[in-house]
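# Observations on the model geometry
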Amino acid sequence: MMRQIKSSNFLTAGKLLLLAFLLTASAVASEPGNGTNIFTPASTPARMVTNLSVFVLVITGIIFVVVFTLLVYSVIKFRGRAGDTGREPPQVYGSTQIELAWTIIPILIVVVLFLATARVIHAVQDAPEPTGANEVTVIGHQYWWEFRYPKFGVVTANELHIPVSDPANPTPTFLTLLSADTDHSFWVPELAGKTDLIPNHPNRMWMDPQRTGIFLGQCAQYCGVQHAKMLLRISVDSPDDFAAWVHGQQQIAVQDASGAAGRRVFESNACMNCHAVEGTPANGRFGPDLTHLMSRVTIASGAAKNTPENLRLWIQDPNAIKPGSLMPAMKLSDSDLDAVVSYMETLR
Amino acid sequence: MSAMANPLPQTSATWSLPYRGKVAMAGLIIAESAIFTIFVVAYLFYMGKSLSGPTPREVLETPIFYTICLLSSSLTIHLAAKSLARDRVGAFLCLWVLTIVLGGTFMYGTAQEWHRLIYEHGLTISTNLFGTTYYSLVGLHAFHVTAGLVMLSTVAIFAVAGRVRVEQSHRVEVLSMYWHFVDAVWVVVFTVVYVLGR
Amino acid sequence: MSSNAITIPGVQIDEKSWVDTLHEWVTTVDHKRLGVLYILYALLFLVVAGVEALIIRVQLMFPHNHFVSPQVFNRLFTMHGTTMVFFMGMPILFGFANYLVPLMIGARDMAFPRLNAFSFWLSALGGFLLYFSLVGANGLYGAGNAPDVGWWAYAPLTAKAFSPGHSSDYWTLALLVSGFGSIGTAINIIATILCMRCPGMKLSRMPLLAWLNLVMSGMVLIAVSPLTAAQMMLLIDRYLGGHFFDTQAGGSAVLWMHFFWIFGHPEVYILIIPCFAFLSEIIPVFSRKPIFGYPVMVAATVCIGFVSMSVWAHHMFTIGMNSYANSFFTITTMAVGIPTGIKIFNWLGTMWGGKIQFKTPMLFSIGFLFQFLIAGLTGIMLGCSPFDWQLSLSYFVVAHFHYTLVGGVVFGVFAAIYYWYPKITGRMLNETLGKWHFWLFAIGFHLTFDLMHIPGLLGMPRRIYTYEPGRGWDTLNLLISVGAFIQAIAVLLFVANLIISYFKGEKAGNDPWDAWTLEWTTSSPPPAYNFASKPVVASRRPLWDLKHPEDPDGQYE
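Since we're looking at a predicted model, the values are computed, not measured.

Definitions and cut-offs
- Numbering of residues starts from 1 in every chain and runs along the sequence as written.
- Think of it this way: whatever chain is written first is A, whatever ligand is written first is 1, and the rest follow in order.
- Under the rules for a predicted model, residues below a pLDDT of 70 receive no local features and side-chain atom pairs below 80 are neither given nor counted, while totals for whole chains, interfaces and linings still include all residues.
- Side-chain calculation: all heavy atoms of the structure are included, whereas hydrogens and water are not.
- Two residues form a contact once any of their heavy atoms are found within 4.5 Å.
- Two parts placed together each lose some accessible area under a 1.4 Å probe, and adding up what both lose gives the buried area.
- Secondary structure counts use DSSP, requiring at least four H or I residues in a row for a helix and at least two E residues in a row for a strand, with both numbered from the N terminus.
- Each pair of strands is called paired provided DSSP finds at least two bridges between the two strands.
- Lines fitted to C-alpha atoms define the axes here, with helix axes fitted over just the stretch in contact, and angles between the N-to-C directions of these axes take values from 0 to 180 degrees.
- The criterion is simple. A nonpolar core is a set of buried Ala, Val, Leu, Ile, Met, Phe, Trp, Tyr and Cys residues joined through side-chain atoms within 4.5 Å.
- Burial here depends on accessible area, computed with a 1.4 Å probe over protein chains only, as a share of the maximum for the residue type. Under 20% is buried, over 50% is exposed, and the range in between is partly exposed.
- Whether a set of points on the 1 Å grid over the protein atoms alone is a cavity depends on a 1.4 Å probe fitting there but being unable to get out, while an open set qualifies as a pocket with protein on both sides within 12 Å along at least five of seven lines; lining residues are those with an atom within 4 Å of a point.
- Grid points are joined across faces, edges and corners, and a volume is the space filled by probe spheres set on the points.
- Residue type decides the class: Asp, Glu, Lys and Arg count as charged, Ala, Val, Leu, Ile, Met, Phe, Trp, Tyr, Cys and Pro as nonpolar, and the leftover types, Gly among them, as polar.

### Structural notes on the interface of chain C and chain B
Between chain C and chain B, the contact holds 48 residues from the first and 40 residues from the second. When chain C packs against chain B, the two sides together hide about 3,500 Å² of surface, and 75% of this comes from carbon and sulfur. Where the side of chain C that touches chain B is concerned, the elements lending two or more residues are α5 (167-195), α6 (208-239), α7 (253-287) and α16 (542-547) of chain C. In terms of residue count, the dominant contributor to the side of chain C that touches chain B is α6(C) (nine residues).

Structure (structure tokens):
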């Protein structure tokens, strides 16, 4: 009697769990647009991966249902009953046919899965690079991203702009991944699987986003204290918008008189040692290029919105926004701080 | 209830299992082989990849004589163990001490080579990838030779005091397994460093 | 843990003082006492690392939470992982192996009792060293800091340049030292099993627990050594100016990854195989049938032992290996799922047609079966290289490995404790408390780790001290944290059960579960010498033969 109650408790608990799980999953799925869902691909490599993943999920799902059912069935059907003590069930030691069957079937499943997988591995990793492809060199730093466009002579940081790719006439972007210090990983789920940035070990990846818009991601390989705030923001632009952006980035820094005082502060403190502003003596490479800082929506690799207040706070004490970041607090006076922020605001 | 009322005939008369000392030493040798394999892999991986500094070809001299010493010490220890198994303690002691001397000579050779590399060629563990992998691999091996020599010397001391007889021969065999392992590792290290690496 | 002393009339036996008892325990070379020491040591670290996990989960309950700083968070997940794998998982499994293997093969002790003690104290020293870092290390952020490089400690983050101070050195030394202890114990287990079985116990008649610990020990010898080697190299880099992993000098960060995972993957099989062993002893007894397909179970385990050495780079699918390497490691990873799946089917076959008794050890075992099925399938997903390019380094992986390690190893260990506690202490654990423990823990486990797969699919990376709101991760993280606290309550109940039952539990007798292997022939707890005379066996289930002399097992094997 007790045993029967226990096993039906088990079933009820199992059903409740499943219900709870499904309710939560559906509540979650309806949360406002997250943009980092691996099942909403917008680019060919991501799409190939998603299609393969669905195939794998279906097969493993079938295996799960079959074995789960057998387990549940055996737990219910073969439970011991009250009058059983002293009588042992038939002692079965094995069965060659059954064991052979449940060895061969998994082997076949593995062969099928492997063949499907190998095809996708090859298609993504060994894809030939068309002549018109966009080239970007990504250099990972503790805790920001450096982007260089060798064909255009553009250097920028943290926010990547790439052209949209028309499937009929693809213009993919090929990324070369390098690192200046520790390991990082470039992960924008809707555009591609992730690839690591490892010092002394250049990597290549590609993506051909098929719609314009903003795509989010972040560093996925633990790189130190502020690994969590090394965010990625990719703007996929129409061809015209992309050309306009490149053109803007290729210009030297805007010479705006209202920033002159701040520029003096910038150049006489240690800022120049780390940061570069094209067209001025500042050409430090340790920190992000600031030539067109105002063309970016965020600062500190996505840790804060690019507003004058945040900029001021960041320069005053980076640890207030990103504790452990490698930029030192410059200990500027209030007036110097205001001047530098005004200067930064001119760098469009 | 710990005795079994067993309807089947007793099997204890013919029940013999391997000697645990040998099994344990085999286990140790397997683990040590894995460690050495990793250092050898690192050496092979970094061959030719140093960015600067002396290369193996420039500075290494093949230690043929010292290698012969070490490899013959495998022969002498094998003969020593066999002698002890036949209760020929005098022969055992001579061959055992000869093993130690040959092993010690090998260590002297290594020391001499390192002295030359450091002081004449400026190659240290921090000079370049070759320095790092060379000193680590050869040094790890030398450490194991040293540990072996310590153990062999301990047995020699007891042997001189007359405490090592045929009854201890199985233990001596275990130790000689270790020594053969150390020599086998040297064959690999020698090939990788002095033959392939140059 | 008293021995069965016989009172001799007229002879004065002094009462043992607590100092003498303590001394006995500290200097013991008895495999049973060392086994208990290992288990208690591991349970202590289970609680410590569990608290670390709870703090992590509080920090992650809400986006942009400020419960702990990023520096503290990074130390927490490093310590949690390192502690759970090396100072909870390994010791508790070595503890059970130590206790049970000699008893199950009819031996008097392990092959090398003093090496056994030495190995235990080395492992204990390792745990102490790791936690001493809290006091002794002089990390980047001030005096006394725990390592914060993750339990896998990738180069070049561990180089002196990026990890100044000594926190990483404590990590390295703690594992180096306890690694030697592990190798010592593995050598001991192998020598014991191969050289000390009682007469009649051919290898084909050994309990599966002995077989699986034999395979596990062989794997320890081959797999722990690469980690030892890599750590020596790291120390050479950090202190002697070596360049093994120094990318500025042409060294390779990827080499560390290879060496670490050549250790790291077999390590997880080292952790799970002893739990397979527990299941292979517990499920037959509570289904009242012999294990289904003993020879295949042995063969499958040996197969897992070998194949698991060839899959390591599935942890490295994103580092930029070429398509042939990625394909190779995909096929080997999927291949190792086959013998593992076979084992699940064999346990299912054991239960099939039996008369299942739902005592607590069996509840945890059944939980293990469901969970390991799921964990194995998510493992297949991760083994599919392109799928892994999305899933790797995300919370999907964290969910998968906690499914295997908590849903597998911890459930298996709980099953083993409920099953063998009566033998070790002479008293039964309370069944009611046991069932509360099981259900609470299962509910908490599933709430946390079922849901945890989803943030991974939604793009949440791991090892982050906080996350951005509005990506669909918020509610899930909150619920995951709630589940963690439910598990904590269950563990508290468990600890209470262990303590209360020690003093007030029902007396167990020799064989409370009506089982069939040799350890149940001794008293509970067994005498120091285990068996008054050497047992002689004629089948895989010596006690079945005794209890059913009309139908001995030997004729069917």
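Now that the structure has been shown, the text picks up again.
### Some thoughts on the sheet that holds strand β2 (residues 144-149) of chain A
Residue and element names in this part refer to chain A. The five strands are arranged β3-β2-β1-β5-β8 in an open sheet whose pairing can be described as mixed. Pairing within the sheet leaves two strands with one partner each, and these edge strands are β3 (154-157) and β8 (203-207). Along the sheet, successive strands turn relative to each other by an average axial angle of 25°, direction set aside. Direction of pairing for strand β1 (residues 134-141) relative to β2: antiparallel, over a ladder of five bridges. Within the sheet, the bridge partner assigned to Ile139 lies in β2 and is Glu146.

### Focus on the arrangement of the chains
Across the two pairs of chains that are in contact, the largest number of contacts falls between chains A and C. One finds no contact between chain A and chain B; the C-alpha atoms of the two approach each other to within 12 Å at their closest.

### Comments concerning the nonpolar core
Residues Trp96(B), Tyr134(B), Trp256(C), Phe278(C), Trp347(C) and Trp420(C) are the most contacted members of the largest nonpolar core, which totals 292 residues. Residue contributions to this core peak at 23 residues, all from α7(C). Non-local contacts of Tyr134(B), meaning those with residues more than four positions away in its chain, are made with Tyr43(B), Leu60(B), Glu113(B), Trp114(B), Leu117(B), Gly139(B), Val193(B) and Tyr194(B).

### Things to note about the layout of surface pockets
A water-sized probe rolled over the atoms picks out the places where empty space is left. Counted as a void, the second largest pocket has a volume near 1,600 Å³. Lining the second largest pocket are 44 residues, with Met25(B), Leu28(B), Met151(B), Leu115(C) and Ile187(C) positioned closest to its centre. Element by element, the count of residues in the lining of the second largest pocket is highest for helix α5 (residues 129-160) of chain B, at ten residues. Split by residue class, the lining of the second largest pocket holds 29 nonpolar, ten polar and five charged.

### What about the environment of Arg264(A)?
Counting through the fold element by element, Arg264(A) comes out in helix α5 (residues 260-268). For Arg264(A) and Val340(A), which are 76 residues apart along the polypeptide, the C-alpha to C-alpha distance reads 8.5 Å.

### Thoughts on empty space enclosed by the protein
All names here are of chain C. With the rule as written, the count across this model stands at eight cavities of 30 Å³ or more. Estimated volume of the largest cavity: approximately 250 Å³. Forming the boundary of the largest cavity are 19 residues, of which Pro284, Pro290, Ile291, Arg540 and Arg541 lie nearest the centre. Broken down by element, the residue count for the lining of the largest cavity peaks at four residues, all from α7. Taken together, the residues of the lining of the largest cavity sort by class into twelve nonpolar, two polar and five charged. In terms of lining, the second largest cavity is formed by 14 residues, of which the most central are Phe86, Met90, Ser178, Gly179 and Ser182. Elements with a contribution of two residues or more to the lining of the second largest cavity: α3 (70-104), α5 and α6. Counting residues per element, the lining of the second largest cavity draws most heavily on α3, which supplies five residues. In the lining of the second largest cavity, the residues fall into ten nonpolar, four polar and no charged.

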